[in-house]
Every structure is written in C-alpha cells, then in structure tokens.
Amino acid sequence: MAASDPREGVPASAGPNDLRAPGPLDELDLRLLDVLGTDARISNAALAAAVGVAPSTAHVRLRSLIDRGVVTGFLTSIDQRSLGLPLQAIVGVTLRPGSRQAAITAFSEAVRSLPQVLQVFFLGGHDDFIVHIAVADSSEIRTFVVDHLSAQPSVASTRTSIVFDYHRNGVAASFR
C-alpha cells in the first residue's frame, strides 16, 4: 500500500512537481466551488453550512482545492464607474503576418501593463486578441486604440465595440 501524501487530494504517486495537478473533483468539491463562485468572501462556517459538512471538512477541502491549483485566487470585483471609468469597450486586434511568435509575445506583454486594460484574451480565429478596457469617455477609447494599439508595428487592424451591459457568471483562471 502506498504511503499517504500530506498534500491531501494529490495522489501519493505524484512527484513533488505535481503539486498543482488538479486531479478529479468530487461532488463536494463541485458544491464548494459553486458556493465560492457566488461569494468568495463567505466565512468558513457559512461555507460548511451551505454544503452540509463540518467547518473543519470545508476548510481542509478548500485548502486542497487551492493547493491543487483548482482555486487560483480570490478576486475583488470593482465597479469601474466608481473610479471615474464608466465606459467600457472590447477591442479586437489582428496582428500582421510574419514573426508571429515574437509579435504575439511583445503585444501581449505591452498591453497587459496598461492601466485601462481589464482583460486580455489571446484567441484563435479572426482576431488575435480581444482587449477589454474601461475609460472615462469615448475620446479616451480613441486615444487608447490609436496610441497604444494601432501605433504598434505588429498591429494590422483593430475593431472596437462599446459595452452597453456586462454580466459575469464566473472568473476563469489564466492559462499561464
């Protein structure tokens, strides 16, 4: 019989580099994730009550989900309007052909650091990237697209759409 691994939820046969291997999720894991997806600030006692287990069980299982890389963080959702950024836009970006890997990496790194950027998606399809931004007004959208996107030599074209309403069912972890 294999020795028990102190990293609960990680098979005893897993090597030290496999700490973040998620492994199978059972019904309790899925119930915990469902509750946390609605309210990540819920107390451990309330989480345990919501899924029908002891607080110690909820704590151990949540810790396991974190250690295995299933739960990658707890985020704060901020109303951008309260920061003076009431206008959001989605900008599709297509890069020029040639030297694609270098252009993809350079573009991604440059755009991620801009303060207007809420999210960046690297895609397969018509657009190479979708950039989600929040700004004060339409002139700032224009400035962002012209100064930060179109000015990059690797950018072939952009398409901008204004966001009228936004609903999020969940937050996905980065693929990195």
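Look a little higher up for the structure.
Residues numbered from 1 in each chain as written. Predicted model: local features only at pLDDT ≥ 70, side-chain atom pairs only at ≥ 80, totals over all residues. Heavy atoms only, no water.

1. Structural notes on the sheet that holds strand S4 (residues 155-163)
Where we set the bar: Here, any two strands with at least 2 DSSP bridges between them count as paired. Numbering of helices and strands runs from the N terminus, with a helix taken as a DSSP run of H or I at least four residues long and a strand as a DSSP run of E at least two residues long. Where helices are involved, their axes are fitted lines through C-alpha atoms of the stretch in contact, as for all axes, and angles between N-to-C directions lie from 0 to 180°. What makes two residues a contact is simply this: any of their non-hydrogen atoms within 4.5 Å.
The 4 strands are arranged S2-S3-S1-S4 in an open sheet whose pairing can be described as antiparallel. For this open sheet the edge positions go to strand S2 (117-122) and S4, each flanked by a neighbour on one side alone. On average, adjacent strands in this sheet sit at an angle of 20 degrees to one another, irrespective of strand direction. Note: strand S1 (residues 87-95) against strand S3 (residues 129-135), 7 bridges, orientation antiparallel. Looking across to S3, one finds that Ile90 is bridged to His132. Sheet strands touched by helix H5 (residues 138-150): S1, S2, S3 and S4. Its angle to S4, the strand with the most contacts, is close to 160 degrees.

2. Brief notes about the packing of aromatic side chains
Rules: Two aromatic rings, drawn from Phe, Tyr or Trp (for Trp, its six-membered ring), form a pair once their centres lie within 6.5 Å of each other, and the interplanar angle then sorts them: stacked below 30 degrees, edge-to-face above 60, tilted otherwise. Only protein chains enter the accessibility calculation, which uses a 1.4 Å probe; a residue is then buried when its area is under 20% of its type maximum, exposed when over 50%, and partly exposed in between.
Under the criterion given, the structure shown has 2 aromatic pairs. A ring pair is formed by Phe122 and Phe129, whose centres lie 5.2 Å apart and whose planes are at 35 degrees; its orientation type is tilted. Its relative accessible area of 53% is what places Phe122 among the exposed residues. Grouped by ring-pair contacts, the aromatic residues Phe107, Phe122 and Phe129 constitute a single cluster.

3. Some details on the environment of Ile162
With respect to the element layout, Ile162 can be found in strand S4. With a relative accessible area of 40%, Ile162 lands in the partly exposed category. With 71 residues separating them along the chain, Ile162 and Val91 place their C-alpha atoms 8.7 Å apart. Ignoring sequence-local partners within four residues, the contact set of Ile162 consists of Leu87, Gln88, Ala89 and Ile141.

4. Comments concerning the environment of Ala58
Structurally, the position occupied by Ala58 is in helix H3 (residues 55-67). A relative accessible area of 0% means that Ala58 is categorised as buried. It is 5.2 Å that separates the C-alpha atoms of Ala58 and Ala48, two residues lying 10 residues apart in sequence. Leave out the neighbours within four places in its chain, and Ala58 touches Asn44, Ala48 and Val53.

5. Some details on the packing of helix H2 (residues 44-51) against H3
As a reminder, the rule being used: Roughly parallel refers to an angle under 35 degrees, roughly antiparallel to one over 145, roughly perpendicular to one between 65 and 115, and oblique to any angle outside these ranges. Throughout, the ten residues Ala, Val, Leu, Ile, Met, Phe, Trp, Tyr, Cys and Pro are labelled nonpolar, Asp, Glu, Lys and Arg are labelled charged, and all others, Gly among them, are labelled polar.
H3 packs onto H2 with a crossing angle of 100 degrees between their chain directions and a minimal axis gap of 8 Å. Classed by the angle they form, the pair H2 and H3 counts as roughly perpendicular. Facing H2, whose interface residues are Asn44, Leu47 and Ala48, H3 presents Pro55, Ala58, His59 and Leu62. The residue inventory of the contact of H2 with H3, partitioned by class, reads 5 nonpolar, 2 polar and no charged.

6. Examining the pattern of salt bridges
Condition: Whenever a carboxyl oxygen of Asp or Glu lies within 4 Å of a side-chain nitrogen of Lys or Arg, that contact is scored as a salt bridge.
Under the counting rule described, the total for this entry stands at 6 salt bridges. The partner of Arg63 in a salt bridge is Asp67, and the shortest N-O contact between them spans 3.6 Å. Here Arg63 and its partner Asp67 are both found in helix H3, 4 residues apart, which amounts to about one turn of the helix. Residue Asp67 is classed as partly exposed on the basis of its relative accessible area, which comes to 34%. For Arg81, the salt bridge identified is with Asp79, shortest N-O distance 3.0 Å. A relative accessible area of 58% places Arg81 in the exposed class. Here the salt bridges share partners, and the residues they tie into one network are Asp26, Asp29, Arg61 and Arg68.

Geometry only, nothing functional implied.
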